[in-house]
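Residues per chain are reported as follows:
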Amino acid sequence: MTPRSLSSPRVSFHRKWWAPGLSLNALAVTFLLVSLVLVLGCVIHLYVFRFLGRGFLVSGFVGSTEGCDVFDGSWVQDDTYPLYNSSECPFAERGFNCLANGRKDTDYLKWRWKPRNCDMPKFNVREVLESLRGKRVVLVGDSMSRTQWESLICMLMTGVEDPKTVYEVNGNQISKTIRFLGVRFQTFNLSVEFFRSVFLVQQGLPPKHGPKRVRMTLKLDKMDEINQKWVDSDVLIFNSGHWWTPSKLFDMGCYFQAGGLLKLGMSINSAFKMALETWASWVEAMVNTNRTHVFFRTYEPSHWSGSNQKACKITQQPLAEAKGNDRSEFAEIIAEVVSKMRVPVTVLNVTSMGAFRSDAHIGIWSHPSTILDCSHWCLPGVPDAWNELVFSYLLTNGEFSVGGPCKIETCTIISFAINGL
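The protein goes by Protein trichome berefringence-like 7 in an unreviewed UniProt entry, where it is assigned to Cocos nucifera. Word for word, the UniProt comment on the protein under Sequence similarities (unreviewed entry) is "Belongs to the PC-esterase family. TBL subfamily."

(A) Fine view of the overall build of the protein. A tally of regular secondary structure across the protein gives seven helices and 18 strands. A total of 421 residues make up the protein; the buried ones form 53% of that total. Contacts spanning at least 24 positions in sequence make up 79% of the contacts within the protein whose residues lie at least 6 apart. Carbon and sulfur atoms provide 55% of the accessible area of the protein, an area that totals close to 20200 Å².

(B) Molecular detail of the packing of helix H3 (residues 143-157) against helix H7 (residues 382-396). Following both chains from N to C, one finds H3 and H7 inclined at 70 degrees, their axes separated by 9 Å at the closest point. The pairing of H3 with H7 is recorded here as roughly perpendicular in orientation. Contacts between H3 and H7 involve Met144, Thr147, Gln148, Ser151, Leu152 and Met155 from the first element and Pro383, Asp384, Trp386, Asn387, Glu388, Val390 and Phe391 from the second. Looking at the contact of H3 with H7 residue by residue, the class counts come to seven nonpolar, four polar and two charged.

(C) Structural view of the packing of aromatic side chains. All told, the structure shown has 18 aromatic pairs when counted by the stated rule. Here Phe238 and Trp282 contribute two aromatic rings whose centre-to-centre distance is 6.2 Å and whose plane-to-plane angle is 85 degrees, an arrangement assigned as edge-to-face. Of this pair, Phe238 sits in strand S9 (residues 235-239) while Trp282 sits in helix H4 (residues 268-286), and the two are 44 residues apart along the sequence. Both residues of the pair, Phe238 and Trp282, count as buried. Ring centres of Trp279 and Phe296 lie 5.0 Å apart, and the angle between their planes is 75 degrees; on these two criteria the pair is classed as edge-to-face. Here Trp279 is found in helix H4, whereas its partner Phe296 is found in strand S12 (residues 293-297), with 17 residues between them in sequence. When sorted by exposure, Trp279 lands in the same class as Phe296, which is buried.

(D) Inspection of the sheet that holds strand S8 (residues 216-223) at higher detail. Across the sheet, which stays open at both edges, the four strands sit in the order S7-S8-S10-S11 with mixed pairing between neighbours. The sheet is open, and its two edges are formed by strand S7 (201-204) and strand S11 (261-262), each paired on a single side. Sheet topology note: the S8/strand S10 (residues 254-258) ladder contains four bridges and is parallel. Within S10, the position partnered with Met216 by the bridge is Cys254. The strands touched by H4 are S7, S8 and S10; relative to S8, the strand with the most contacts, the crossing angle is about 40 degrees.

(E) Up close: the packing of H4 against helix H5 (residues 328-339). Between H4 and H5, whose axes approach to 10 Å, the crossing angle comes to 30 degrees. For the crossing formed where H4 meets H5, the hand is right-handed. Along the contact surface, H4 presents Ile268, Asn269, Phe272, Lys273, Leu276, Glu277, Trp279 and Ala280, while H5 presents Glu329, Phe330, Ile333, Ile334, Glu336, Val337 and Val338. When its residues are assigned to classes, the contact of H4 with H5 shows 10 nonpolar, one polar and four charged.

(F) A look at H5. Across its 12 residues, H5 extends 17 Å between first and last C-alpha, which sits within 8% of the 16 Å expected from 1.5 Å per residue. In terms of burial, H5 is a largely internal element, nine of the 12 residues being buried. Residues of H5 that are buried: Phe330, Ala331, Ile333, Ile334, Ala335, Glu336, Val337, Val338 and Ser339.

(G) Quick look at the pattern of salt bridges. One pass over the full model with this rule turns up 16 salt bridges. For Asp105, the salt bridge is made with Arg103, and the minimal N-O distance between the two is 2.9 Å. Each of the two residues, Asp105 as well as Arg103, counts as buried. Here Glu336 ties to Lys273 by a salt bridge, and the two come within 3.2 Å at their closest N and O atoms. Here Lys273 lies in helix H4 and Glu336 lies in helix H5, a separation of 63 residues in the sequence. When its relative accessible area of 16% is taken as the criterion, Glu336 is described as buried. In this structure Lys273 comes out as partly exposed when scored by relative accessible area, which is 25%. In the salt-bridge network here, residues are joined through shared partners; they are Glu93, Arg146 and Glu150.

(H) Fine view of the environment of Ser339. Residue placement: Ser339 occurs in helix H5. What makes Ser339 buried here is its relative accessible area of 14%. At 2.8 Å, the side chain of Ser339 forms a polar contact with the backbone oxygen of Glu336.

(I) Quick peek at the environment of Ile237. For Ile237, the position within the fold is in strand S9. According to the relative accessible area criterion, Ile237 is buried, its value standing at 2%. Separated by 99 residues in the primary sequence, Ile237 and Val138 place their C-alpha atoms 6.3 Å from one another. Every residue in contact with Ile237, bar those within four places of it in the chain, is listed here: Val138, Leu139, Val140, Gln148, Phe295, Arg297 and Val390.

The rules behind these values
The numbers attached to residues start from 1 for each chain and follow its sequence in the written order. Local features in this predicted model are restricted to residues whose pLDDT is 70 or higher, and side-chain atom pairs enter the listing and the counts only when it is 80 or higher, whereas totals over whole chains, interfaces and linings include all residues. Each side-chain value is worked out from all heavy atoms of the structure, with water and hydrogens disregarded. UniProt positions are given in the numbering used here, feature names are shortened, and annotations may be inferred rather than shown by experiment. The secondary structure listing takes helices from DSSP runs of H or I that are at least 4 residues long and strands from runs of E that are at least 2 residues long, numbered from the N terminus. Each residue's exposure class comes from its accessible area (1.4 Å probe, protein chains only) as a fraction of the maximum for that residue type: buried when under 20%, exposed when over 50%, partly exposed otherwise. Residue contacts follow a heavy-atom distance rule, with two residues in contact if any of their heavy atoms lie within 4.5 Å. For the accessible areas, the method is Shrake-Rupley and the probe is 1.4 Å, while residue cover comes only from the protein chains on display. An axis is simply a line fitted to the C-alpha atoms; with a helix, the fit covers only the stretch in contact. Between two such axes, the angle follows the N-to-C directions and lies from 0 to 180 degrees. Oblique is the label for any angle not covered by the other classes, which are roughly parallel (under 35 degrees), roughly antiparallel (over 145) and roughly perpendicular (65 to 115). Residues are grouped as follows: nonpolar covers Ala, Val, Leu, Ile, Met, Phe, Trp, Tyr, Cys and Pro; charged covers Asp, Glu, Lys and Arg; every other residue, Gly included, is treated as polar. A pair of aromatic rings is counted whenever rings of Phe, Tyr or Trp (Trp by its six-membered ring) have centres within 6.5 Å, and the orientation is called stacked for planes under 30 degrees apart, edge-to-face for over 60 and tilted otherwise. Only when DSSP finds a minimum of two bridges between them are two strands counted as paired. Helix crossings get a hand from a simple test, with the near helix turned counterclockwise from the far one by less than a right angle marking a left-handed crossing and a clockwise turn marking a right-handed one. Working rule for helices: expected span equals 1.5 Å times residues minus one. Any Lys or Arg side-chain nitrogen located within 4 Å of an Asp or Glu carboxyl oxygen qualifies as a salt bridge. Polar contacts here mean pairs of N or O atoms no more than 3.5 Å apart (in protein, one a potential hydrogen donor and the other a potential acceptor; neighbouring residues in sequence count only if both atoms are side-chain atoms).

Below you can see the structure in the form of structure tokens.
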């Protein structure tokens, strides 16, 4: 995939107010031409910053001179998949291992993401492991981020000769309640870490003398207090979105706060944008993007159905059309915020990819089995494709050397296509 630069157009004007002997007609024509140039400049400016800048830039793989929107594509059957067996991976959470939880069909395992206008390189585990030697990969976010973290570890373990050289640094079992999980690949001096931060910003107690319904707040102008642990990484992948709902905020007595003041009337979308702007400022100030490749993954669609959105019907095949609750307004906010950043950030627009995969959710094959789940994904499954995209991007663009020098003129903002959500 080839990054495209987005830079501010600069227009210089050489003004000449009067020329001896210049007729009024000539002045009128000159004025008209200048006006047309200004109008055209405004149109181009609006197009670049209001259209391209909001995430319509695409990145392409080598061999595609015009670039390729890798998120515009479809799922194709491939008998060489899945890339690993969850039951043989000690870091795959039981709750995501649908086969171990009783799912009988295996068709959902044999689908590969195929961009419409280019081919995505096959995941080469030995090449990826060698390129990650001595590196640190960090994923930050909610349970969807943890799923991607588990997926990546299981993918990488297929290239490790001795599984005993791969271990959780604190001896912890994989759990959704632990804020930090780190797995070390001893042979490769590689660390793959997950930090649980569902909002990315700080949660805390409300101001004194606030309304009784306010039991906690999200401080939209302050990053999560564990943010210092995310820096000094070579690959840094963020996500947020699934907890930004009324049921997980207002119904729980959690409201928004900024500048020490409660923002009781603020909408969730406005709060999400403010939180993302805080995150963007933090990245610009704290992350050395000459070393660290920063990604932000968009919202992963769910496939709940029924009048109350509590029914979960798992299909046998991917859908012919992209459907599902995709919270596309979040993707638009992410694109807008990233387009204004002064440092390179790559948006992984996985939303439309997952919208086809009503066959790949956990459904009734959860652990414990009493939980119905049309939000999370089985492993192996859809999160594997996210990791394939990350490393296809890094390897194809020559970014591995992960952490190698990054020239500002080539490491510009890359915002994968947000259209089609």
